[in-house]
Amino acid sequence: MTPAARYGAAIEIIDQVLAGTPAEKALTTWARRSRFAGSKDRAAIRDHVFDVLRRKRSVGVWGGGSTGRAMILGLIRQQGIDPASVFSGEGHAPEGLSAAEQTAGQPAEGADALDLPDWLLPEVKQSLGDKTEAYGEVLRHRAPVMLRVNSRKLDRNTAITKLADEGIVAVTADVAPTALRVVEGARRINNSEAYRNGLVELQDGASQAVVEALPLRDGMRILDLCAGGGGKSLAMAGKVNGSFYAYDAHPQRLRDLPDRAKRAGVKITVTKSPEAEAPFDLVLCDVPCSGSGSWRRAPEGKWALSEEKLRGLNRLQDEILERAATLLAPGGTLAYATCSVFDRENTARVDQFLAQNPAFAATFQKTWIPGEDGDGFHLSILTGA
Ligand SMILES: C[S@@+](CC[C@H](N)C(=O)[O-])C[C@H]1O[C@@H](n2cnc3c(N)ncnc32)[C@H](O)[C@@H]1O
């Protein structure tokens, strides 16, 4: 496909997303019926679609409309690409621009340029203060590809060499001692020997930093109460020798964990009833949240969140914290984590919990802001009496 034809395909897919189809589904459906498209075409189209979704507000202003076509026009204007080179009407390129399209649109300014929904701005400002603009800007760009080195199998420098042998260039990242940032060859990771043999896992840098901050010790009984794919269970089991249990309210999310654990050389018990396995020395609650720290990776969430959804999430976060407390051994540790930067999902939840459970005290609290080495994240460590 020509570069212009790839933009044409992106327009079609964005229109479907705007009509309500999830982006991943729209991309897969398009790829299934477009066998002519190679892997590089699919990757470029995916990048265009996600670039637009991250910047939906500003590219609409720059393109002078709210259709896929206007948004791609806005995107290429933002990127300094000559619109005539894309909108040529030649081959499978998008139709040439009308006179109205040529004059419509203007550079985005103010709240438009931040690419955040208006209703959310007070929430962001309250949580991030003078970092609000930097936060909005970071979310407008692609997330880094981060790896966690399985330190049970090798050290970071050896991992860098092994990855380089397979055409994957990675550098150490300061965010965590296990973290690598991939700077070239990211698309080779899934098929690489290093990945398939469990030497490295795909895991965001802040997720690794959260695990680093946990007070883990050999011999502990540890529960990952919202384990999802089990990334944090694997990272914890990579650090100390303990008994690891993983639970998720949606057990299908845990289906790959036994294989991943085997690959990594660790043992994690998937449980359907944490109560039956309690008590635990440490319970990690990596709770469902708005995802406001990782909207670079899942930009649809930025536009889909509402005040009502946020309130619902807060209720669920409170419930999970309360449940976790009942699963702890006396003096045990409760670790509360979100991939959100909003106080309302972080310190406010913890404050509420502490008010109802005075036997607990917060011994560590940190919020990571999304940046070069990782997503936004929050961790509070609470210790019981
Ligand atoms: C932020 S994700 C976890 C990510 C995971 N810890 C990781 O590192 O990949 C939150 C998880 O909580 C699960 N969940 C939702 N409601 C829950 C509940 N009431 N109890 C336990 N898990 C729940 C979701 O299915 C989701 O997998």
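Residues numbered from 1 in each chain as written. Predicted model: local features only at pLDDT ≥ 70, side-chain atom pairs only at ≥ 80, totals over all residues. Heavy atoms only, no water.

Asks: Explanation requested: the overall build of the protein chain in the structure shown.
Replies: When its secondary structure is counted, the protein chain shows 19 helices and eleven strands. Against the globule reference of 21 Å for 385 residues, the protein chain gives a C-alpha radius of gyration of 23 Å, in line with a compact fold. Seen through its principal axes, the protein chain has C-alpha atoms that stretch 70 × 50 × 35 Å. Looking at the 385 residues of the protein chain, the share that counts as buried comes to 52%. Contacts in the protein chain between residues far apart in sequence, at least 24 positions, make up 68% of those at least 6 positions apart. About 17,200 Å² of surface is accessible on the protein chain, with carbon and sulfur atoms providing 50% of the total. Here the protein chain contributes 48 positively and 48 negatively charged side chains, and the mean placements of these two sets differ by 5 Å. (Helix = DSSP H or I, 4+ residues; strand = E, 2+ residues; numbered from the N terminus. Rg over C-alpha atoms; globule rule 2.2 N^0.38 Å. Buried < 20%, exposed > 50% of the residue type's maximum accessible area, 1.4 Å probe, protein only. Contact = heavy atoms within 4.5 Å. Areas by Shrake-Rupley, 256 points an atom, 1.4 Å probe, with all protein chains shown as cover. Lys, Arg positive; Asp, Glu negative; His and termini not counted. Charge placed at Lys NZ, Arg CZ, Asp CG, Glu CD.)

Asks: Even after reading the chapter, I still don't get the environment of Gln-106, so can you show me in this structure?
Replies: Here Gln-106 lies in the loop between helix H7 (99–103) and helix H8 (110–114). Taking the relative accessible area as the measure of exposure, Gln-106 reaches 53% and is therefore exposed. When the C-alpha positions of Gln-106 and Ala-362 are compared, they lie 49 Å apart, and in sequence the two are 256 residues distant.

Asks: Help me understand the UniProt feature "domain: SAM-dependent MTase RsmB/NOP-type" (unreviewed entry) in the protein chain in this model?
Replies: Mapped onto this numbering, the UniProt entry gives "domain: SAM-dependent MTase RsmB/NOP-type" (unreviewed entry) at residues 135–385. Spanning residues 135–385, this segment combines 33% helix with 25% strand, and its end C-alpha atoms are found 37 Å apart. (UniProt positions renumbered as here; feature names shortened; annotations may be inferred.)

Asks: Explanation requested: the domain arrangement of the protein chain in the structure shown.
Replies: How big an interface is tends to be stated in terms of accessible area lost as the parts join. Taken domain by domain, the protein chain consists of domain 1 (3–107), domain 2 (145–202) and domain 3 (205–383). On a C-alpha basis, the centroid separation for the pair domain 1 and domain 2 is 33 Å. (Domains from an automatic or database assignment.)

Asks: What should I look at first to understand the UniProt feature "active site" (unreviewed entry) in the protein chain in this one?
Replies: With numbering matched to this structure, UniProt assigns "active site" (unreviewed entry) to Cys-339. Inspection of the secondary structure puts Cys-339 in the loop between strand E9 (328–338) and helix H19 (347–356). Dropping the residues within four chain positions of it, Cys-339 is found in contact with Cys-289, Gly-291, Ser-292, Gly-293, Ser-294, Gly-376 and Phe-377.

Asks: Looking at this structure, how should I read the packing of aromatic side chains?
Replies: Enumeration over the complete set of coordinates arrives at four aromatic pairs. Residues Trp-30 and Phe-36 carry aromatic rings whose centres are separated by 6.1 Å and whose planes lie at 85 degrees to one another, so their mutual orientation is edge-to-face. Taken together, a centroid distance of 6.1 Å and an interplanar angle of 70 degrees make the contact between Trp-295 and Phe-342 edge-to-face. One end of the pair, Trp-295, is in the loop between strand E8 (280–286) and helix H17 (300–304); the other, Phe-342, is in the loop between E9 and H19, and 47 residues separate them in sequence. Of the residues examined, Phe-342 reaches a relative accessible area of 0% and is grouped as buried. (Phe/Tyr/Trp six-rings, centres within 6.5 Å; stacked < 30°, edge-to-face > 60°.)

Asks: What am I meant to see in the pattern of salt bridges here?
Replies: Side-chain pairs of opposite charge can arise where the charged atoms are in close proximity. Enumeration according to the criterion identifies 27 salt bridges in this entry. A salt bridge links Asp-373 to Arg-181, with the nearest nitrogen and oxygen atoms 2.8 Å apart. Here Asp-373, found in the loop between strand E10 (361–368) and strand E11 (377–383), pairs with Arg-181, found in strand E3 (residues 179–184); they are 192 residues apart in sequence, far enough to count as distant. Across the pair, exposure class does not vary: Asp-373 and Arg-181 are buried alike. A salt bridge links Lys-232 to Asp-286; its shortest N-O distance comes to 2.7 Å. Here Lys-232, found in helix H14 (residues 231–237), pairs with Asp-286, found in strand E8; they are 54 residues apart in sequence, far enough to count as distant. Asp-286 matches Lys-232 in its accessibility class, with the two residues each being buried. (Salt bridge = Lys/Arg side-chain N within 4 Å of Asp/Glu carboxyl O.)

Asks: Explanation requested: the sheet that holds E8 in the structure shown.
Replies: Sheets are built from strands paired through backbone hydrogen bonds, the pairs being either parallel or antiparallel. Reading across from one edge, E7-E6-E5-E8-E9-E11-E10 is the order of the seven strands in this open sheet, with mixed pairing throughout. Unpaired on one side and paired on the other, strand E7 (268–270) and E10 mark the two borders of the sheet. Across the sheet, the axes of successive neighbouring strands diverge by a mean angle of 15 degrees, strand direction being ignored. Where E10 lies against E11, seven bridges are found, and the strand directions are antiparallel. When the sheet's bridge partners are listed, Lys-366 is paired in E11 with Leu-379. Running over the sheet, helix H18 (residues 307–326) touches E8, E9 and E11 and is turned about 155 degrees from E9. (Pairing = 2+ DSSP bridges. Axes fitted to C-alpha atoms, helices over the stretch in contact; angles between N-to-C directions.)

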